[in-house]
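Remarks on the overall topology
Single-letter residue listing:
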Amino acid sequence: MDPIRNPYAPGAGQRPPELAGRDEQLDAFDVVLERVSRGRPERSIVLTGLRGVGKTVLLNALRSSAVRAGWGTGKLEARPDQSLRRPLASAVHQAVRELGPSGGAGDHALGVVKAFAQRESAAPGRRAAALRDRWNPGITVPAVVGRADSGDIEIDLVELMSDLGGMAADTGRGIAIFIDEMQDLGPDDVSALCAAAHEISQSRLPLIVVGAGLPHLPAVLSASKSYSERLFRYSRIDRLDRPAADLALTAPAEDEGAAFTAEALDAMQVATGGYPYFIQA
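Throughout what follows, the structure given in this document is the object of discussion.

Criteria and thresholds
The residue numbering used here restarts from 1 in each chain and proceeds along that chain's sequence as written. Residue-level local features of this predicted model are given only where pLDDT is at least 70; pairs of side-chain atoms are given and counted only at 80 or more, and the full residue set underlies all totals for whole chains, interfaces and linings. The side-chain numbers reported here are obtained from all heavy atoms of the structure, hydrogens and water having been left aside. Think of it this way: DSSP has to see at least two bridges between two strands before they count as a pair. Strands here mean DSSP runs of E at least two residues long; helices mean DSSP runs of H or I at least four residues long; both are numbered from the N terminus. In this analysis an axis means a line fitted to C-alpha atoms, helices contributing only their contacting stretch, and an angle means the value between N-to-C directions, from 0 to 180 degrees. Two residues form a contact once any of their heavy atoms are found within 4.5 Å. Patch definition: residues above 30% relative accessible area lacking any salt bridge, with like charges linked at up to 9 Å and the nonpolar side chains Val, Leu, Ile, Met, Phe, Trp and Tyr linked at up to 5 Å. All accessible-area figures derive from a Shrake-Rupley calculation using a 1.4 Å probe, and residue coverage is judged against the displayed protein chains alone. For this document, the term salt bridge refers to a Lys or Arg side-chain nitrogen within 4 Å of an Asp or Glu carboxyl oxygen. Counting rule for charge: Lys and Arg are taken as positive, Asp and Glu as negative, and neither His nor the chain ends is counted. Note on charges: their place is set at NZ of Lys, CZ of Arg, CG of Asp or CD of Glu. Accessible area is worked out with a 1.4 Å probe on protein chains only. A residue is then buried under 20% of its type maximum, exposed over 50%, and partly exposed in between. To estimate the expected span of a helix, subtract one from its residue number and multiply by 1.5 Å. Each C-beta atom gives one direction from the helix axis, and the arc is the one those directions make. For the purposes of this section, nonpolar cores are sets of buried Ala, Val, Leu, Ile, Met, Phe, Trp, Tyr and Cys residues that join through side-chain atoms within 4.5 Å. Pairing of aromatic rings covers Phe, Tyr and the six-membered ring of Trp, with a centre-to-centre limit of 6.5 Å; geometry is then stacked below 30 degrees between planes, edge-to-face above 60, and tilted otherwise. To sit over a ring, a charge needs its Lys NZ or Arg CZ within 6 Å of the ring centre and within 35 degrees of the ring normal. Polar contacts, as used here, are pairs of N or O atoms within 3.5 Å; protein pairs need one atom able to donate a hydrogen and one able to accept it. Residues neighboring in sequence count only if both atoms are side-chain atoms.

Now for the sheet that holds strand β5 (residues 232–236). The strand order across the open sheet formed by five strands is β2-β3-β4-β1-β5, and the pairing between neighbours is parallel. Single-partner strands in this sheet number two, and they are β2 (72–77) and β5. Strand after strand, the sheet turns through a mean of 15 degrees between neighbouring axes, direction not considered. As paired elements, strand β1 (residues 44–48) and strand β4 (residues 207–213) share four bridges and run parallel to each other. Looking at the pairing, L47 lines up with A212 of β4. Helix α1 (residues 23–37) contacts β1, β3 (175–180), β4 and β5 of the sheet and is inclined by roughly 155 degrees relative to β4.

Together, D23, E24, D27 and D30 make up a region of like negative charge exposed at the surface. On the secondary structure map, D27 appears in helix α1.

The subject of this paragraph is the pairing of β1. Within β1, five of the five residues are buried, leaving the element largely enclosed by the surrounding structure. Side chains S44, V46 and T48 of β1 all project onto a buried face; the interleaved residues I45 and L47 project onto the opposite face, where all are buried too. Judged from the five bridges that link them, β1 and β5 form a sheet pairing that is parallel. Paired with V46 across the bridge in β5 is Y234.

The terminal C-alpha atoms of α1 lie 21 Å apart, and with 15 residues this matches the ideal 21 Å at 1.5 Å per residue to within 8%. Those residues of α1 not exposed but buried are Q25, L26, F29, V32, L33 and V36. Projection of α1 onto a plane perpendicular to its axis shows the buried side chains occupying an angular sector of 115 degrees, all on one side. Residues of α1 that are exposed and angled more than 90 degrees away from the buried face: D23 and E24. Buried residues in α1 make contact with β1, α2 (55–68), β3, β4 and β5. Trailing α1 by a residue or two, G39 shows a phi angle of about 80 degrees, which is positive.

One finds L88, L157, L160, M161, L164 and I175 to be the most contacted residues of the largest nonpolar core, which totals 47 residues. Elements with a contribution of two residues or more to this core: α3 (85–99), α4 (104–118), α5 (153–171), β3, α6 (187–203), β4 and α7 (217–224). Ignoring anything within four residues of it in the chain, the contact list for I175 reads W71, G72, A95, L99, L164, M167, A168, P206, L207 and I208. Listed in part, the 23 residues of the second largest apolar core include V53, V57, L59 and A212.

Turning our eyes to something else, we now look at the pattern of salt bridges. All chains considered together, the criterion is met by 13 salt bridges. R79 serves as the salt-bridge partner of D81, at 3.2 Å between the closest nitrogen and oxygen. With a relative accessible area of 61%, D81 lands in the exposed category. Among the salt bridges present, the one from D156 reaches R85, with a minimum N-O distance of 3.2 Å. Placement of D156 in helix α5 and of R85 in helix α3 is noted, with a sequence separation of 71 residues between them. With respect to burial, D156 and R85 carry one shared label: buried. What you see here is one network of salt bridges that share partners, running through R35, E42 and R233.

Quick look at the packing of aromatic side chains now. This model, assessed by the stated rule, comprises four aromatic pairs. Measuring from centroid to centroid gives 4.8 Å for Y275 and F278, while their planes differ by 45 degrees, and the two rings are tilted. The exposure class of F278 is partly exposed, given its relative accessible area of 43%. Clustering of aromatic rings is evident, with ring pairs tying together Y275, Y277 and F278. In this structure, R85 packs its charged tip against the face of F116, placed 4.7 Å from the ring centre.

Okay, the environment of D2 next. Looking at the element boundaries, D2 is found in the segment before α1. Sequence separation between D2 and L205 is 203 residues, and the spatial gap between their C-alpha atoms is 51 Å. Polar contacts involving the side chain of D2 include one to the main-chain amide nitrogen of I4, which spans 2.8 Å.

Functional significance is not addressed by these values, which are geometric in nature.
Right, here's the structure in full:
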C-alpha cells in the first residue's frame, strides 16, 4: 500500500474515512435535538463501550450534528486528577460564544459562567485562593454575584445549567455539552452532573449532556444517584457487524481506485473481529 495514499486512520479518536455502522445513533441524536428544540421531554445521552470501538469518534460526530442544527456546543475530557469545574466552565463558555447572544441575556450567562469558574473550594485547613490567584476563564464581563458561586459543586452546577438553558431557550436554540472519559469524574462531580441533568430535564430546558465512557460508567452513575438509570438514554457502542465492517474497508479503498476481493474481506473479518480500531490498523 502506498503510505501516502493510505486512507485508513488508526488512532485515538481519529475519525475514520468511512464512519460505518453508527447511523442508528446519529439518526436517534437528530431526533433528540429536534425534540428538545421543541420543548419535548428527552433524556441526556451516555455512550458506553470498550476502548477502540469508536466512542470518541461518535461523540465528535454527534457534536457536529449539534453544530449543524445551530446549537451551542462544548466538549471536555474528564480526568481523575482534576475537578469538573474548570474544564466544564471552558466548555460552556465556548457553547455560549457559539450561540452568540449579545447584550443582557448573553452577558448574564457569561457572568454566571465566570462566577462558576472562579469559585474554587479551599482544601481542608487552607484558606481560599486570593482573587489574584484564581483562574481567569477569559470572560471580560463581571462575574454574577450570588449565582453558581456557593462553592458547593452540586448547587453551583444546577444553577449554572439552569441559567444557560434559559438563555438558550431565549435564542430558540440549545446547548449540548459533550464529556469524554466520563467514568473518570470524581464522586462529587458525578452527583452534581446527575442533579443538574435532572433539573434541566424536569424544566424542559434546551440543554443536554452527552457523555462517553467505559462499560462500567452506568454503574458509576447509578451509585451516585439512584434515578440516573431513568435520567440518561444509554447506548452501548460495540464491534461492527459484517456489512458495516466490510463498508469501513471497501469505501475508502474504492475512493482510491482499489478494491478488496471477497476472500480478502473474509480474512479481514477473521483478523479484526469487526473491532473498529483493528479495522483501521
